[in-house]
Amino acid sequence: MSLTSQEIASQPQCWQDVLGQLPAHSPALPAKGEHVAVIGCGTSWFMAQAYAQLREDSGHGPTDAYPASAARLRRRYDRIIALTRSGTTTEVLTALASADPTTRVTTITAVADSPAARAAHDVIVLAGADEQSVVQTRYPTTQLVLLLAHLGHSVEQARADLGTALDAPLDPELLRAEQITFLGEGWHAGLAHEAALKVREAAARWTESYLVMEYRHGPIAVAGPGRAVWSLSPLPAELADRIEATGAHLRRARLDPLAELVLAQRVAVRLAEDAGRDPDRPAHLTRSVVLP
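From a predicted model like this one, the values you see are computed outputs, not experimental measurements. (Residues numbered from 1 in each chain as written. Predicted model: local features only at pLDDT ≥ 70, side-chain atom pairs only at ≥ 80, totals over all residues. Heavy atoms only, no water.)

**Some words on the pattern of salt bridges**
Alright, step 1. Evaluation of the coordinates by the stated rule reveals 15 salt bridges.
Alright, step 2. E238 is the salt-bridge partner of R242, the closest N and O atoms lying 3.9 Å from each other. Note that R242 and E238 are positioned in helix α10 (residues 237-245) at a spacing of 4 residues, about one turn of the helix.
Alright, step 3. Looking at E238, the relative accessible area reads 40%, which means it is partly exposed.
Alright, step 4. Between E260 and R251 there is a salt bridge, with the nearest N and O atoms lying 3.0 Å from each other.
Alright, step 5. Its relative accessible area of 5% is what places R251 among the buried residues.
Alright, step 6. Put simply, E34, R79, R104 and D122 are held in one network by salt bridges that share partners. (Salt bridge = Lys/Arg side-chain N within 4 Å of Asp/Glu carboxyl O. Helix = DSSP H or I, 4+ residues; strand = E, 2+ residues; numbered from the N terminus. Buried < 20%, exposed > 50% of the residue type's maximum accessible area, 1.4 Å probe, protein only.)

Quick look at the structure:
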């Protein structure tokens, strides 16, 4: 079994552990009403998108998600949250160095003595969720479970569905598809982007991801026989009918969106293995992007 598969399978324990740590980490997270910026790269940016959308939709305060390479941190914020597994990503460190020095910074990382941790006022270390594999799986979901729970969003359905996501047989139509498009609405959109990234990273397969209601504005033209559309959010009946009419295989959301993401992680690993690729060490990727 690959390291990535082992790390995917360990998520129930990681989620349980981080929920137990919530009281200790809460003081480092934004209070209700704070104006917050969340930054990250790649997977971390997609987790930032999911959290920012749900935080604002839940009435906790204005929340902007930025890719660290394009973060506008000179705007007035009460707090910046930097999401970075390694704590060494160049763009994150550059963004934090450019921020208004009066803005409080919280870094969430797996490495306590990392540069991003040293650049913060408050640090949340999720060392137990760290990974050996390059492709992130358990770390980002554990991080997001912590952030969602802090908002008061119940993650119990996700935990209940996690067993199914880890044990259910993989859909052969998804494994045969030459291309997969992931859809999500609201805070699920960040998860859809992350699911697509997992398949690209691990298996080098063509994937796309869109907001549910944006999909019909052009991207649906890609759908067709031999391809798949996987929605992490409920679909309007009219859109589902249109997708099925293209001949593409449609997977409707059956599990909590976080659990659907875990299932997509498993699909990514299986596609990589079927293609003879190493899911732990994908070509052209490293654990952290450190620029000269």
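**Quick word on the side chain of R266**
Alright, step 1. Within the secondary structure, R266 is located in helix α11 (residues 257-274).
Alright, step 2. The side chain of R266 sits in the buried core without any salt bridge; D167 is the nearest counter-charge, 6.3 Å away.
Alright, step 3. Polar side-chain contacts of R266 include one of 2.9 Å to the backbone oxygen of A165.
Alright, step 4. Contact partners of R266, with chain neighbours within four places excluded, come to I8, T164, A165, L166, D167, A168 and L170. (Lys, Arg positive; Asp, Glu negative; His and termini not counted. Polar contact = N/O pair within 3.5 Å; in protein donor to acceptor, adjacent residues only side chain to side chain. Contact = heavy atoms within 4.5 Å.)

**Details of α10**
Alright, step 1. Among the residues making up α10, those that are buried are L239, A240 and I243. Each buried residue of α10 lies within a common arc of 100° when the element is viewed along its axis, so the set occupies one face. Along α10, exposed side chains directed more than 90 degrees from the buried face belong to A237 and A245.
Alright, step 2. In this structure, the buried side of α10 is in contact with β6 (179-184), β8 (227-231) and β9 (249-251). (Arc of directions from axis to C-beta.)

**Remarks on the sheet that holds β6**
Alright, step 1. Read from one edge to the other, the open sheet built from 4 strands follows the order β7-β6-β8-β9, with strand pairing classed as parallel. Two strands lie at the open edges of the sheet, namely β7 (206-211) and β9, each paired on one side alone. In this sheet, neighbouring strand axes are inclined to one another by 20° on average, regardless of whether the strands run parallel or antiparallel.
Alright, step 2. Two elements, β6 and β8, share 5 bridges in a ladder whose sense is parallel. Counted as the bridge partner of Q179 is R227 from β8. (Pairing = 2+ DSSP bridges. Axes fitted to C-alpha atoms, helices over the stretch in contact; angles between N-to-C directions.)

**Digging into the nonpolar core**
Alright, step 1. The biggest cluster of nonpolar side chains holds 65 residues, and the ones touching the most others in it are I108, L144, F182, L191 and W230.
Alright, step 2. With 11 residues, α11 is the single largest residue contributor to this core.
Alright, step 3. Setting aside chain neighbours within four positions, we find L144 in contact with M47, A50, Y51, W187, L191 and L258.
Alright, step 4. Ranked by size, the runner-up nonpolar core spans 14 residues in total, among them A37, Y66, I80 and A95. (Core = buried A, V, L, I, M, F, W, Y, C linked by side-chain atoms within 4.5 Å.)

**Brief notes about the pairing of strand β4 (residues 104-109)**
Alright, step 1. Of all 6 residues making up β4, 5 are buried, and the element is well covered by its neighbours.
Alright, step 2. Each parallel crossover has a hand, and for strand β3 (residues 79-83) linked through helix α4 (residues 90-98) to β4 it is right-handed.
Alright, step 3. Sheet topology places β4 next to strand β5 (residues 122-125); 4 bridges connect them, and they run parallel. If you follow T109 over to β5, its bridge partner there is V125. (Right-handed = clockwise from strand over helix to strand, strands pointing away.)

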